[in-house]
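Here's the letter readout for the chains.
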Amino acid sequence: MRKLALVVPLLALAACAGIEKLAASAVQPPKLTFKSAALQALDLEGATLAFTWDLENPNGFGVDVARVAWSVDAEGTRIASGDLPGGVKIAARATAPVTFPVRVRFQDVPGIVGLLTSGKDQLAYQLAAKVGVNTPVGVVEVPVSHAGHVALPATPRFALEGISVRSLSFSEVSLDVRVRVQNPNAFPLPLGKLDAALAIAGAPVARAQALEVAPVAKGTSAVVAIPVKLDVRSAGRAAADVARGGDVEVDLSGQATLAGLPLPLHLAGKVPTGR
(Lines give C-alpha, C1' and ligand atoms only; values in the text may rest on other atoms or scores of the structure.)
Protein backbone atom coordinates (compact mmCIF):
# COMPACT_ATOMS: atom_id res chain seq x y z
CA MET A 1 0.00 0.00 0.00
CA ARG A 2 2.84 2.35 0.86
CA LYS A 3 4.46 1.74 -2.52
CA LEU A 4 1.14 2.38 -4.22
CA ALA A 5 0.76 5.64 -2.30
CA LEU A 6 4.16 6.78 -3.61
CA VAL A 7 3.51 5.73 -7.18
CA VAL A 8 0.19 7.55 -7.57
CA PRO A 9 1.63 11.09 -6.97
CA LEU A 10 4.54 10.33 -9.28
CA LEU A 11 2.15 9.27 -12.00
CA ALA A 12 0.13 12.44 -11.43
CA LEU A 13 3.25 14.58 -11.73
CA ALA A 14 4.30 12.82 -14.90
CA ALA A 15 0.83 13.30 -16.33
CA CYS A 16 0.90 17.03 -15.49
CA ALA A 17 4.34 17.38 -17.06
CA GLY A 18 3.09 15.63 -20.14
CA ILE A 19 0.06 17.89 -20.36
CA GLU A 20 2.23 21.01 -19.96
CA LYS A 21 4.59 19.75 -22.64
CA LEU A 22 1.67 19.01 -24.94
CA ALA A 23 0.17 22.46 -24.28
CA ALA A 24 3.53 24.17 -24.91
CA SER A 25 3.95 22.31 -28.20
CA ALA A 26 0.51 23.54 -29.27
CA VAL A 27 1.58 27.21 -28.80
CA GLN A 28 3.35 28.68 -31.79
CA PRO A 29 5.88 31.43 -30.93
CA PRO A 30 4.84 34.95 -32.00
CA LYS A 31 6.86 36.56 -34.78
CA LEU A 32 8.27 40.08 -34.81
CA THR A 33 9.08 41.93 -38.04
CA PHE A 34 10.89 45.27 -38.00
CA LYS A 35 8.79 48.08 -39.41
CA SER A 36 10.40 51.47 -38.68
CA ALA A 37 12.70 53.61 -36.53
CA ALA A 38 11.37 57.16 -36.37
CA LEU A 39 13.19 60.16 -34.93
CA GLN A 40 10.79 61.68 -32.39
CA ALA A 41 13.06 64.34 -30.89
CA LEU A 42 16.57 65.71 -31.40
CA ASP A 43 18.47 68.24 -29.32
CA LEU A 44 22.01 68.81 -28.10
CA GLU A 45 21.45 66.45 -25.17
CA GLY A 46 20.33 63.47 -27.22
CA ALA A 47 17.85 61.83 -29.55
CA THR A 48 14.60 59.96 -28.97
CA LEU A 49 13.80 57.14 -31.39
CA ALA A 50 10.51 55.28 -31.68
CA PHE A 51 11.03 51.67 -32.79
CA THR A 52 8.06 49.81 -34.27
CA TRP A 53 7.74 46.08 -34.95
CA ASP A 54 4.78 44.16 -36.32
CA LEU A 55 3.91 41.40 -33.84
CA GLU A 56 2.23 38.45 -35.54
CA ASN A 57 0.20 35.99 -33.47
CA PRO A 58 -0.15 32.70 -35.43
CA ASN A 59 -2.22 31.02 -32.70
CA GLY A 60 -5.96 30.43 -32.47
CA PHE A 61 -6.13 32.46 -29.25
CA GLY A 62 -5.29 36.03 -28.32
CA VAL A 63 -2.03 37.10 -26.64
CA ASP A 64 -0.72 40.32 -25.15
CA VAL A 65 2.68 41.93 -24.60
CA ALA A 66 3.88 41.54 -21.00
CA ARG A 67 7.10 43.56 -21.13
CA VAL A 68 9.90 44.87 -23.35
CA ALA A 69 13.57 44.87 -22.29
CA TRP A 70 15.94 46.78 -24.59
CA SER A 71 19.54 47.99 -24.88
CA VAL A 72 21.41 50.24 -27.32
CA ASP A 73 25.12 50.09 -28.20
CA ALA A 74 27.14 52.75 -30.05
CA GLU A 75 30.86 53.07 -30.68
CA GLY A 76 31.33 49.66 -29.06
CA THR A 77 29.74 50.70 -25.75
CA ARG A 78 26.38 50.06 -24.07
CA ILE A 79 24.94 53.58 -23.90
CA ALA A 80 21.34 52.97 -22.86
CA SER A 81 19.03 50.23 -21.59
CA GLY A 82 15.63 49.95 -20.04
CA ASP A 83 12.43 48.04 -19.43
CA LEU A 84 8.95 49.02 -20.56
CA PRO A 85 5.57 47.64 -19.52
CA GLY A 86 3.43 45.82 -22.04
CA GLY A 87 -0.27 46.20 -22.71
CA VAL A 88 -0.64 45.65 -26.45
CA LYS A 89 -3.20 42.92 -27.19
CA ILE A 90 -3.10 40.84 -30.38
CA ALA A 91 -6.16 38.85 -31.42
CA ALA A 92 -6.01 35.27 -32.68
CA ARG A 93 -4.19 34.96 -36.01
CA ALA A 94 -3.74 38.73 -36.21
CA THR A 95 -0.90 41.25 -36.40
CA ALA A 96 -0.51 44.43 -34.37
CA PRO A 97 2.27 47.06 -34.15
CA VAL A 98 4.43 47.23 -31.03
CA THR A 99 6.15 50.61 -30.55
CA PHE A 100 8.54 51.67 -27.80
CA PRO A 101 10.64 54.85 -27.44
CA VAL A 102 14.38 54.85 -26.72
CA ARG A 103 16.31 57.91 -25.48
CA VAL A 104 20.00 58.14 -26.42
CA ARG A 105 22.06 60.69 -24.46
CA PHE A 106 24.99 61.95 -26.51
CA GLN A 107 27.22 62.51 -23.49
CA ASP A 108 27.09 58.73 -22.86
CA VAL A 109 28.62 58.00 -26.29
CA PRO A 110 32.42 57.57 -26.15
CA GLY A 111 34.21 60.19 -28.26
CA ILE A 112 31.00 62.08 -29.03
CA VAL A 113 32.73 65.49 -29.00
CA GLY A 114 35.20 64.29 -31.62
CA LEU A 115 32.34 62.96 -33.76
CA LEU A 116 30.45 66.25 -33.50
CA THR A 117 33.43 68.50 -34.18
CA SER A 118 34.55 66.34 -37.11
CA GLY A 119 31.35 67.25 -38.93
CA LYS A 120 29.72 63.81 -38.88
CA ASP A 121 25.94 64.03 -39.05
CA GLN A 122 25.03 60.45 -38.11
CA LEU A 123 25.78 57.97 -35.33
CA ALA A 124 25.63 54.21 -35.93
CA TYR A 125 23.82 52.17 -33.27
CA GLN A 126 22.73 48.60 -32.56
CA LEU A 127 19.46 47.86 -30.75
CA ALA A 128 18.72 44.56 -29.02
CA ALA A 129 15.42 43.79 -27.33
CA LYS A 130 13.36 40.97 -25.86
CA VAL A 131 9.58 41.25 -26.13
CA GLY A 132 7.79 39.13 -23.55
CA VAL A 133 4.40 37.84 -24.76
CA ASN A 134 1.77 36.38 -22.42
CA THR A 135 0.43 33.01 -23.63
CA PRO A 136 -1.62 30.24 -21.97
CA VAL A 137 1.64 28.46 -21.07
CA GLY A 138 3.41 31.52 -19.66
CA VAL A 139 5.53 34.38 -20.99
CA VAL A 140 7.32 33.65 -24.27
CA GLU A 141 10.29 35.95 -24.97
CA VAL A 142 10.88 36.92 -28.58
CA PRO A 143 14.38 38.40 -29.26
CA VAL A 144 14.76 41.14 -31.85
CA SER A 145 17.62 43.33 -33.07
CA HIS A 146 18.13 46.25 -35.41
CA ALA A 147 21.11 48.30 -36.62
CA GLY A 148 20.74 51.82 -37.96
CA HIS A 149 21.85 55.44 -37.77
CA VAL A 150 20.57 58.37 -35.74
CA ALA A 151 21.02 62.00 -36.75
CA LEU A 152 23.60 64.06 -34.86
CA PRO A 153 23.06 67.76 -34.15
CA ALA A 154 25.24 70.39 -35.78
CA THR A 155 27.94 71.81 -33.53
CA PRO A 156 27.29 75.39 -32.38
CA ARG A 157 29.71 77.84 -34.00
CA PHE A 158 31.71 80.42 -32.07
CA ALA A 159 33.42 83.47 -33.56
CA LEU A 160 35.22 86.57 -32.28
CA GLU A 161 33.13 89.62 -33.12
CA GLY A 162 34.89 92.59 -31.61
CA ILE A 163 35.86 94.63 -28.56
CA SER A 164 33.57 97.19 -26.94
CA VAL A 165 35.30 99.74 -24.71
CA ARG A 166 33.09 100.61 -21.72
CA SER A 167 35.36 103.14 -20.05
CA LEU A 168 38.84 104.58 -20.53
CA SER A 169 41.11 106.42 -18.11
CA PHE A 170 44.84 107.08 -17.64
CA SER A 171 45.09 104.03 -15.35
CA GLU A 172 42.50 101.53 -16.58
CA VAL A 173 40.60 100.35 -19.64
CA SER A 174 37.30 98.51 -19.11
CA LEU A 175 36.08 96.52 -22.09
CA ASP A 176 34.03 93.56 -23.30
CA VAL A 177 35.33 90.98 -25.75
CA ARG A 178 32.31 89.90 -27.78
CA VAL A 179 31.95 86.30 -28.93
CA ARG A 180 29.08 85.38 -31.23
CA VAL A 181 27.39 81.98 -30.75
CA GLN A 182 25.63 80.66 -33.85
CA ASN A 183 23.00 77.91 -33.51
CA PRO A 184 22.51 76.16 -36.89
CA ASN A 185 20.03 73.63 -35.47
CA ALA A 186 16.24 73.45 -35.60
CA PHE A 187 16.08 73.39 -31.80
CA PRO A 188 17.22 75.90 -29.14
CA LEU A 189 20.58 75.62 -27.42
CA PRO A 190 20.31 75.25 -23.63
CA LEU A 191 22.00 77.44 -21.03
CA GLY A 192 25.75 76.79 -21.00
CA LYS A 193 29.03 78.09 -19.68
CA LEU A 194 32.34 79.30 -21.05
CA ASP A 195 35.78 78.65 -19.56
CA ALA A 196 38.65 80.19 -21.50
CA ALA A 197 41.90 82.15 -21.34
CA LEU A 198 41.97 85.48 -23.17
CA ALA A 199 44.96 87.25 -24.70
CA ILE A 200 45.02 90.69 -26.39
CA ALA A 201 47.94 91.76 -28.56
CA GLY A 202 49.79 88.62 -27.48
CA ALA A 203 49.52 89.32 -23.75
CA PRO A 204 47.35 87.21 -21.38
CA VAL A 205 44.82 89.60 -19.87
CA ALA A 206 41.96 87.59 -18.37
CA ARG A 207 40.35 84.24 -17.79
CA ALA A 208 36.63 83.56 -18.14
CA GLN A 209 35.47 81.01 -15.57
CA ALA A 210 31.96 79.52 -15.75
CA LEU A 211 30.80 82.56 -17.71
CA GLU A 212 27.14 82.08 -18.56
CA VAL A 213 26.20 81.40 -22.16
CA ALA A 214 22.53 82.28 -22.53
CA PRO A 215 20.15 79.96 -24.44
CA VAL A 216 20.15 80.55 -28.19
CA ALA A 217 16.94 80.13 -30.19
CA LYS A 218 16.88 77.77 -33.16
CA GLY A 219 18.54 79.08 -36.31
CA THR A 220 19.70 82.31 -34.64
CA SER A 221 22.77 83.68 -32.88
CA ALA A 222 23.59 85.56 -29.69
CA VAL A 223 26.58 87.40 -28.26
CA VAL A 224 28.51 86.48 -25.12
CA ALA A 225 30.37 89.43 -23.57
CA ILE A 226 33.59 88.64 -21.68
CA PRO A 227 34.29 91.55 -19.28
CA VAL A 228 37.95 92.62 -19.01
CA LYS A 229 39.75 95.32 -17.04
CA LEU A 230 43.21 96.31 -18.29
CA ASP A 231 45.70 98.08 -16.07
CA VAL A 232 47.37 100.59 -18.40
CA ARG A 233 50.82 100.23 -16.83
CA SER A 234 50.93 96.41 -16.61
CA ALA A 235 48.98 95.62 -19.78
CA GLY A 236 51.34 97.69 -21.92
CA ARG A 237 50.78 97.17 -25.64
CA ALA A 238 47.36 95.49 -25.13
CA ALA A 239 45.99 98.58 -23.36
CA ALA A 240 47.59 100.92 -25.89
CA ASP A 241 46.16 99.02 -28.89
CA VAL A 242 42.67 99.04 -27.38
CA ALA A 243 42.89 102.73 -26.45
CA ARG A 244 43.94 103.66 -30.01
CA GLY A 245 41.01 101.78 -31.55
CA GLY A 246 41.12 99.98 -34.87
CA ASP A 247 41.81 96.27 -35.19
CA VAL A 248 43.35 94.36 -32.26
CA GLU A 249 44.76 90.83 -32.14
CA VAL A 250 42.70 88.59 -29.83
CA ASP A 251 43.19 84.95 -28.82
CA LEU A 252 40.60 82.91 -26.90
CA SER A 253 41.33 79.30 -25.89
CA GLY A 254 39.28 77.00 -23.69
CA GLN A 255 35.93 75.26 -23.91
CA ALA A 256 32.21 75.91 -23.97
CA THR A 257 30.03 73.41 -22.11
CA LEU A 258 26.53 73.00 -23.55
CA ALA A 259 24.11 70.22 -22.57
CA GLY A 260 26.97 68.53 -20.72
CA LEU A 261 29.18 68.43 -23.82
CA PRO A 262 32.62 70.10 -23.49
CA LEU A 263 33.20 71.75 -26.89
CA PRO A 264 36.80 72.91 -27.45
CA LEU A 265 37.39 76.54 -28.43
CA HIS A 266 40.37 78.17 -30.07
CA LEU A 267 39.53 81.51 -31.64
CA ALA A 268 42.18 83.91 -32.88
CA GLY A 269 42.31 86.89 -35.17
CA LYS A 270 42.12 90.66 -35.46
CA VAL A 271 38.82 92.20 -34.38
CA PRO A 272 37.55 95.79 -34.48
CA THR A 273 37.51 97.96 -31.36
CA GLY A 274 34.70 100.40 -30.69
CA ARG A 275 32.64 102.05 -27.99
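> Got a sec to walk through the overall build of the protein? Specific residues and values, please.
Of regular secondary structure, the protein possesses four helices and 15 strands. Against the 2.2 N^0.38 benchmark of 19 Å for 275 residues, the protein shows a C-alpha radius of gyration of 31 Å, more extended than a compact globule. Its C-alpha atoms put the protein at 115 × 45 × 25 Å along the principal axes. Looking at the protein as shown, the accessible area adds up to about 14600 Å², and 56% of this sits on carbon and sulfur atoms. Side-chain charges of the protein comprise 26 positive and 22 negative groups, with the mean position of each set lying 5 Å from the other.

> I'd like to hear about the nonpolar core, residue by residue, with values.
Counting residues in hydrophobic clusters, the biggest one holds 75 residues, and the most contacted among them are Val 177 and Ile 200. For Val 177, the residues in contact, after removing those within four places along its chain, are Leu 160, Gly 162, Ile 163, Leu 198, Ile 200, Val 224, Ala 225, Ile 226, Val 228 and Val 250.

> Report on the side chain of Thr 273, specifying residues and quantitative values.
When you line up the elements, Thr 273 lands in strand β15 (residues 261-274). Residue classification places Thr 273 among the buried residues on the basis of a relative accessible area of 16%. In this view, Thr 273 contacts Ile 163, Val 165, Val 242, Gly 245, Gly 246 and Val 248; residues no more than four positions away in its chain are not counted.

> Kindly report on the packing of aromatic side chains, identifying the contributing residues and their values.
Applying the stated criterion across every chain, the model contains five aromatic pairs. Seen in terms of ring centroids, Phe 51 and Tyr 125 are 5.8 Å apart; in terms of plane orientation they differ by 70°. Their pairing is edge-to-face. Placement of Phe 51 in strand β2 (residues 46-57) and of Tyr 125 in strand β7 (residues 122-135) is noted, with a sequence separation of 74 residues between them. Across this residue pair, the class does not change: Phe 51 and Tyr 125 are buried. An aromatic cluster is present here, built from Phe 34, Phe 51, Trp 53, Phe 100 and Tyr 125 joined pairwise through their rings.

> Lay out the sheet that holds strand β13 (residues 221-231) with the relevant residues and their values.
Each strand in a sheet pairs with its neighbour through backbone hydrogen bonds, running either in the same direction (parallel) or in the opposite one (antiparallel). The mixed open sheet is built from seven strands, whose spatial order is β12-β11-β14-β15-β9-β10-β13. Unpaired on one side and paired on the other, β12 (203-213) and β13 mark the two borders of the sheet. Direction aside, the axes of adjacent strands within the sheet are offset by 25° on average. The sheet contact formed by strand β14 (residues 246-258) and β15 spans 13 bridges and is antiparallel. Across the sheet, Ser 253 pairs through a bridge with His 266, a residue of β15.

> Residue-level account of the pattern of salt bridges, with values.
Scanning the entire structure with this criterion turns up nine salt bridges. Taking the shortest distance from any N to any O, the salt bridge between Asp 73 and Arg 78 comes out at 2.4 Å. Assessed through its relative accessible area of 24%, Asp 73 is described here as partly exposed. Exposure remark for Arg 78: the relative accessible area of 52% places this residue in the exposed category. Note that Arg 166 and Asp 176 form a salt bridge whose closest N and O atoms lie 3.1 Å from each other. Here Asp 176 lies in strand β10 (residues 172-182) and Arg 166 lies in strand β9 (residues 157-168), a separation of 10 residues in the sequence. On the basis of relative accessible area, Arg 166 is assigned to the partly exposed category, the value being 43%. Exposure remark for Asp 176: the relative accessible area of 16% places this residue in the buried category.

> Residues and numbers for the sheet that holds strand β6 (residues 94-105), please.
Pairing within the open sheet is antiparallel, and its three strands lie in the order β1-β2-β6. Strand pairing shows two members of the sheet lacking a second neighbour, β1 (31-42) and β6, which therefore form its edges. Averaged over all adjacent pairs, the angle separating strand axes in this sheet is 20°, with direction ignored. Relative to β6, β2 runs antiparallel, the two being bridged by 12 bridges. Residue pairing across strands places Leu 55 opposite Ala 96, the latter belonging to β6.

> Pulling in residues and values, what's your account of the environment of Trp 70?
Mapped onto the fold, Trp 70 is located in strand β3 (residues 63-74). In this structure the C-alpha to C-alpha distance between Trp 70 and Lys 130, which are 60 residues apart in sequence, comes to 6.5 Å. Contacts of Trp 70, omitting those with residues within four sequence positions, involve Ala 80, Ser 81, Gly 82, Asp 83, Leu 84, Phe 100, Val 102, Leu 127, Ala 128 and Ala 129.

> Quick one: what's the story with the confidence of the model for the protein, residue by residue and with numbers?
When pLDDT is averaged across the protein, the result is 88; 91% of the residues are at 70 or more. No element of the protein has a lower mean pLDDT than helix α1 (residues 2-26), at 47, and none a higher one than strand β11 (residues 192-200), at 95. Taken as a whole, residues 10-24 scores under 50 in pLDDT and shows two contacts with residues more than four places along the chain or in a different chain.

Conventions and cut-offs
Residues numbered from 1 in each chain as written. Predicted model: local features only at pLDDT ≥ 70, side-chain atom pairs only at ≥ 80, totals over all residues. Heavy atoms only, no water. Helix = DSSP H or I, 4+ residues; strand = E, 2+ residues; numbered from the N terminus. Rg over C-alpha atoms; globule rule 2.2 N^0.38 Å. Areas by Shrake-Rupley, 256 points an atom, 1.4 Å probe, with all protein chains shown as cover. Lys, Arg positive; Asp, Glu negative; His and termini not counted. Charge placed at Lys NZ, Arg CZ, Asp CG, Glu CD. Core = buried A, V, L, I, M, F, W, Y, C linked by side-chain atoms within 4.5 Å. Buried < 20%, exposed > 50% of the residue type's maximum accessible area, 1.4 Å probe, protein only. Contact = heavy atoms within 4.5 Å. Phe/Tyr/Trp six-rings, centres within 6.5 Å; stacked < 30°, edge-to-face > 60°. Pairing = 2+ DSSP bridges. Axes fitted to C-alpha atoms, helices over the stretch in contact; angles between N-to-C directions. Salt bridge = Lys/Arg side-chain N within 4 Å of Asp/Glu carboxyl O. pLDDT = per-residue confidence, 0-100.

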